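Each chain, written out:
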Amino acid sequence: MSAVTTTEGRGAERAPVRRLTVLYDAECGLCTHLRDWLVRQPQLVPLEMVPAGSEEARRRFPGLDHRATLDEVTVVGDSGQVYRDAAAWIVTLWALREHRPLAHRLSTPAGARLARGAVLAAAKWRGAQQGGAQWGGQVYRRSDGWSYHPSTGWSWSPPGCDSGGCVSR
C-alpha cells in the first residue's frame, strides 16, 4: 500500500492497527450505501464511520484537510495512519473478515491498479451525480429535504420554513 501517508514523527507506519475510522460523504448515496454495507460485515478490525467534514471529524483529526476528505475516501488508523484513495479501500477491506484475502491480492502492484480503477470509477459516478447527469439533475442532499433509509430507499420531506421566508407555490 504505497499510497499510505502517516503522521510524521510518531512511528505510525510501524504501529499495529487496532481500529480504523472511515470518513465518508454523508450526502452521497453511494457513500452511505457502502457505509451501511461495511457496518453489516464481520470485522477483524473495528471500523468506525464518521461523516467527512463534520464537526466530529474536525475535532478528532485537526491535522487533516477536511475539504479533501469529501473528495477522496480517507481512513484513519488508531495510531495516526492516514490512508487515501485506493489504499483506503484496501485497508478497509483488510479489516473485514470475509474480504481480507481480497485486500491482500489488491495490495500487490497488479491489484493496486485494479483498486485504483475502482476508486476512479466510483469518483466518476459521484461526479456525474453532482454534475446533474441523472436523477432529476442534482444530487439528493439532506439539506434539500431528502433522506435515505436502507429498507425504504429515498424519501423527500420539504425543508421547514422557520424564518417565514419560504415561497408558496
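Quick caveat: nothing in here was measured; it's all calculated off a predicted structure. (Residues numbered from 1 in each chain as written. Predicted model: local features only at pLDDT ≥ 70, side-chain atom pairs only at ≥ 80, totals over all residues. Heavy atoms only, no water.)

A.B. asks: What is the right way to look at the pairing of strand 5 (residues 81-84) in this model?
C.D. replies: When a strand is regular, its side chains alternate between the sheet's two faces. As defined by bridge partners, strand 4 (residues 74-77) adjoins strand 5 across three bridges and the pair is classed as antiparallel. Paired with Val 75 across the strands is Tyr 83, a residue of strand 5. Between the end of strand 4 and the start of strand 5, which pair antiparallel, lie three residues, with Gly 80 showing a positive phi angle near 100 degrees. (Pairing = 2+ DSSP bridges. Helix = DSSP H or I, 4+ residues; strand = E, 2+ residues; numbered from the N terminus.)

A.B. asks: Would you explain helix 1 (residues 29-40) in this entry?
C.D. replies: Since the α-helix packs 3.6 residues into each turn, any two residues three or four apart lie on the same face. The end-to-end C-alpha separation of helix 1 is 17 Å, in line with the 16 Å expected for twelve residues at 1.5 Å each. Restricting attention to buried positions, one finds in helix 1 the residues Cys 31, Thr 32, Arg 35, Asp 36 and Leu 38. Buried positions in helix 1, seen along its axis, are confined to an arc of 160 degrees and lie on one side of it. (Expected span 1.5 Å × (residues − 1). Buried < 20%, exposed > 50% of the residue type's maximum accessible area, 1.4 Å probe, protein only. Arc of directions from axis to C-beta.)

A.B. asks: What's the story with the pairing of strand 2 (residues 20-24) in this structure? I'm lost.
C.D. replies: In terms of burial, strand 2 is a largely internal element, five of the five residues being buried. Residues of strand 2 alternate between two faces, with Leu 20, Val 22 and Tyr 24 on one and Thr 21 and Leu 23 on the opposite face, all of them buried. Pairing analysis gives five bridges linking strand 2 to strand 3 (residues 47-51), with the strands arranged parallel. Considered in strand 3, the bridge of Val 22 is made with Met 49. As a crossover connection, the stretch from strand 2 through helix 1 into strand 3 is right-handed. (Right-handed = clockwise from strand over helix to strand, strands pointing away.)

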